[in-house]
Amino acid sequence: MKHLRLPVVLAAGTLALTACAGVGNKDAGGGSSSQGSADSTPSGTLNVMGFSGEDEVAQSRIAAFKAAYPTVTVKNNKGDFDAQQFLTAVSSGNPPDVVYMARSLIGTYAAKGAIQPLDDCIKNSGIDTTQYREAAMNEVRLKDKTYGIPEFYTVSANLISGKALTSAGVAVGDIQTADWDKLEQTAKKLYVAKNGRPARIGFDPKVSDLFPLWAAANGAELVKPGGEPNLNDPKAVEALEYTIKLINDQGGWSNFKTFRDTFDLFGAKNQFTKDQLAAFPIENWYVNVLLDSRANGLQLQSTPFTDRQGQPISTIGGSAWVVPKGAKNADAACKWAKTMTSLETWHKAAEARMQTVAKDKSFFTGLFTGNKKADEEIKAQYLKPSGDAGFDQAINNYYDVLDKAKSLNPSAAGAEIDAAWKSAVGKALAGSAAPKDALDQAQTEAKAAFDKASQG
């Protein structure tokens, strides 16, 4: 699962997009740009953007849509969401019909009018939004309108190499995020250097990706209710200072990053099996990646990521289906979003995953979606003790935090806020700015973007 490229072209001001609702014109392929009704039968071509759709979970759901709507021709432009490609298509009047994008970007595109409200789609097609997790729905709303239908749901927990713990005489329970002083000492015990450079990272805070999680664990809310950025909250500054100190204790950012870049994160012989890493927080999808590593000696352990009071906590990630301004086949797009995220379709996806599990002689590691009911039913039906206690604990840690996880508040400058904090963390890690100065600058930039978006 790759990180999405941020929409760097947004600040250029080259697009003059205005909000619009679906209209009822017909496209050349016979599709309609209205958002249809529950019993409407879409036809024509459906152009999909941002959805790789390669694995069995994706393919089974695509097949479900094609079976339900055989008169629609699906054209999937495979590949991750590309902001510049998307905005160029919208501004040129030739947008795709449905787009798969990170939920954190939706507020920005909604404010710019690049995507349509889906309230008519939801109402007319009978989409029951109560089936989706409220935290995911919160991310796709802006000013009382809904702009996306949630798909996957990612949360974080600590994954640990049992082999590394044994070699350093460290207990599993010492990998915790409540007592930051103790965690620093644990990371130092697990850290191994060779010729003054990292040979094993003790604890990687993954702050480049997970800064909002560390800030939340320290009691900071990076986006206020209403969408205003709060990036330089003193508790957020403290979280960034702490995580950088962890990295500096383990060789400093340059050496740390150079060593970490050698990890074969998706390989059977990865950083755990090669004893290059003892522990890090990471999202739930990674457990499935690690299955092949058991043959190479992986002894997986796990603990929850907690706040400083010891309560399990997670920020959430994931994507959603949106319909761009000017989509020519909005009816089919609406049906696609409904079908791809429905309870029935997720069950088909789970069946496809279980066929893969049987073929690989493996075990089910969970299916974490934005559909709460689907998750609960699939977990009850398929999640069984695997015979590997470490994997079982990791899977349970992810499931246990699902209902406790929180989204960042939606914002009309969501993409710009995302870009601002990532830039600030990068500067602070590189040492080109102190954490407070970097976050002060990020706050100034994000606030300016928010004010501009709010005025628009």
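Residues numbered from 1 in each chain as written. Predicted model: local features only at pLDDT ≥ 70, side-chain atom pairs only at ≥ 80, totals over all residues. Heavy atoms only, no water.

Let us now look at the pairing of strand 7 (residues 156-161). Judged by how many residues are buried, strand 7 sits mostly within the fold: six of six residues are covered. Neither face of strand 7 is open: one carries S156, N158 and I160, the other A157, L159 and S161, and all of them are buried. Here strand 7 runs beside strand 10 (residues 279-283); their pairing, made up of five bridges, is antiparallel. Its bridge partner being in strand 10, N158 is matched across the sheet by P281. (Buried < 20%, exposed > 50% of the residue type's maximum accessible area, 1.4 Å probe, protein only. Helix = DSSP H or I, 4+ residues; strand = E, 2+ residues; numbered from the N terminus. Pairing = 2+ DSSP bridges.)

Here the focus is helix 13 (residues 343-360). For helix 13, spanning 18 residues, the distance from its first C-alpha to its last is 26 Å, which sits close to the expected 26 Å at 1.5 Å a residue. Three or more residues of helix 13 are buried, namely T345, W346, H347, A349, A350, A352, R353 and V357. Buried residues in helix 13 make contact with helix 1 (56-68), helix 11 (286-289), helix 12 (330-340) and helix 14 (372-382). Just downstream of helix 13 lies K361, where phi reads positive at about 55°. (Expected span 1.5 Å × (residues − 1). Contact = heavy atoms within 4.5 Å.)

Strand order in the open sheet formed by three strands is 10-7-11, with antiparallel pairing between adjacent strands. Across the chains shown, the open sheet's two edge strands, defined by having one partner strand only, are strand 10 and strand 11 (300-303). Averaged over all pairs of adjacent strands, the angle between their axes in this sheet comes to 40°, without regard to strand direction. Running at roughly 30° to strand 11, helix 15 (residues 389-401) makes contact with strand 7, strand 10 and strand 11 of the sheet. (Axes fitted to C-alpha atoms, helices over the stretch in contact; angles between N-to-C directions.)

As a working rule, side chains carrying opposite charge can pair if their charged atoms are close by. Summed over all chains, the structure comprises 22 salt bridges. One salt-bridge network, held together by shared partners, links R133, K372, D375, E376 and D403. (Salt bridge = Lys/Arg side-chain N within 4 Å of Asp/Glu carboxyl O.)

All told, the structure shown has 26 aromatic pairs when counted by the stated rule. Taken together, a centroid distance of 5.1 Å and an interplanar angle of 65° make the contact between F152 and W346 edge-to-face. With F152 in the loop between strand 6 (149-150) and strand 7 and W346 in helix 13, this residue pair connects regions lying 194 residues apart in the sequence. F152 sits in the partly exposed class, given a relative accessible area of 22%. With 4.5 Å between their ring centres and 40° between their planes, F368 and Y399 make a pair best called tilted. With F368 in the loop between helix 13 and helix 14 and Y399 in helix 15, this pair connects stretches of sequence that are 31 residues apart. Each member of the pair F368 and Y399 is classed as buried. The lysine or arginine in question, R308, covers the ring of W180, its NZ or CZ lying 4.0 Å from the ring centre. Over the ring of Y399 we find K379; its NZ or CZ atom is 4.8 Å from the centre of that ring. (Phe/Tyr/Trp six-rings, centres within 6.5 Å; stacked < 30°, edge-to-face > 60°. Lys NZ or Arg CZ within 6 Å of the ring centre and 35° of its normal.)

A few words now on the sheet that holds strand 2 (residues 72-77). Think of a sheet as strands paired side by side through backbone hydrogen bonds, with each pair either parallel or antiparallel. Strands sit in the order 2-1-3-12-6 across an open sheet of five strands; the sheet is mixed. Each edge of the open sheet carries a strand with a single partner, namely strand 2 and strand 6. Pairing between strand 1 (residues 44-49) and strand 3 (residues 98-102): two bridges, direction parallel. Each residue of the ladder has a partner; that of M49, found in strand 3, is V99. Across the sheet, helix 12 is in contact with strand 1, strand 2, strand 3, strand 6 and strand 12 (319-322); its angle to strand 1 comes to roughly 60°.

Let us now look at the domain arrangement of the protein chain. For the protein chain, the domain assignment lists domain 1 (44-154 + 317-355) and domain 2 (156-315 + 410-455). Listed by partner, the interface residues are 15 residues for domain 1 and 14 residues for domain 2. Summed over both partners, the interface of domain 1 with domain 2 comes to about 950 Å²; 52% of that surface belongs to carbon and sulfur atoms. A per-residue breakdown of the area domain 1 buries against domain 2 is headed by S104, T108 and T154, which together make up 42% of the total. Between the two partners, domain 1 and domain 2, sit zero salt bridges. On inspection of domain 1 and its partner domain 2, the count reaches three residue pairs in polar contact (both at pLDDT 80 or more). For the side of domain 1 that touches domain 2, the secondary-structure elements that each account for two or more residues are helix 3 (106-111), helix 5 (134-139) and strand 4 (141-142). (Domains from an automatic or database assignment. Buried area = accessible area lost by both parts, 1.4 Å probe. Polar contact = N/O pair within 3.5 Å; in protein donor to acceptor, adjacent residues only side chain to side chain.)

This part is about the environment of S362. If you trace the backbone, S362 turns up in the loop between helix 13 and helix 14. Taking the C-alpha atoms as reference, S362 lies 8.5 Å from S386; in sequence the two are 24 residues apart. Residues contacting S362, with those up to four places away along its chain left out, are L291, R294 and V357.

Attention now goes to the side chain of D233. As for its placement among the helices and strands, D233 is situated in the loop between helix 8 (207-217) and helix 9 (234-248). One buried charged residue, D233, forms no salt bridge at all, with the nearest opposite charge on K235 at 6.6 Å. A polar contact of 3.1 Å, which involves the side chain of D233, links it to the side chain of N230. Within the structure, the side chain of D233 is placed 2.8 Å from the backbone nitrogen of K235, a separation counted as a polar contact. (Lys, Arg positive; Asp, Glu negative; His and termini not counted.)

With that settled, the discussion passes to the nonpolar core. Counting residues in hydrophobic clusters, the biggest one holds 69 residues, and the most contacted among them are L159 and F211. Examining the composition of this core, we find that seven residues originate from one element, helix 16 (residues 414-430), more than from any other. Two domains each put at least three residues into this core: domain 1 (44-154 + 317-355) and domain 2 (156-315 + 410-455). Core analysis: the second largest hydrophobic core is formed by 51 residues, V90, Y109, A332 and M340 among them. (Core = buried A, V, L, I, M, F, W, Y, C linked by side-chain atoms within 4.5 Å.)

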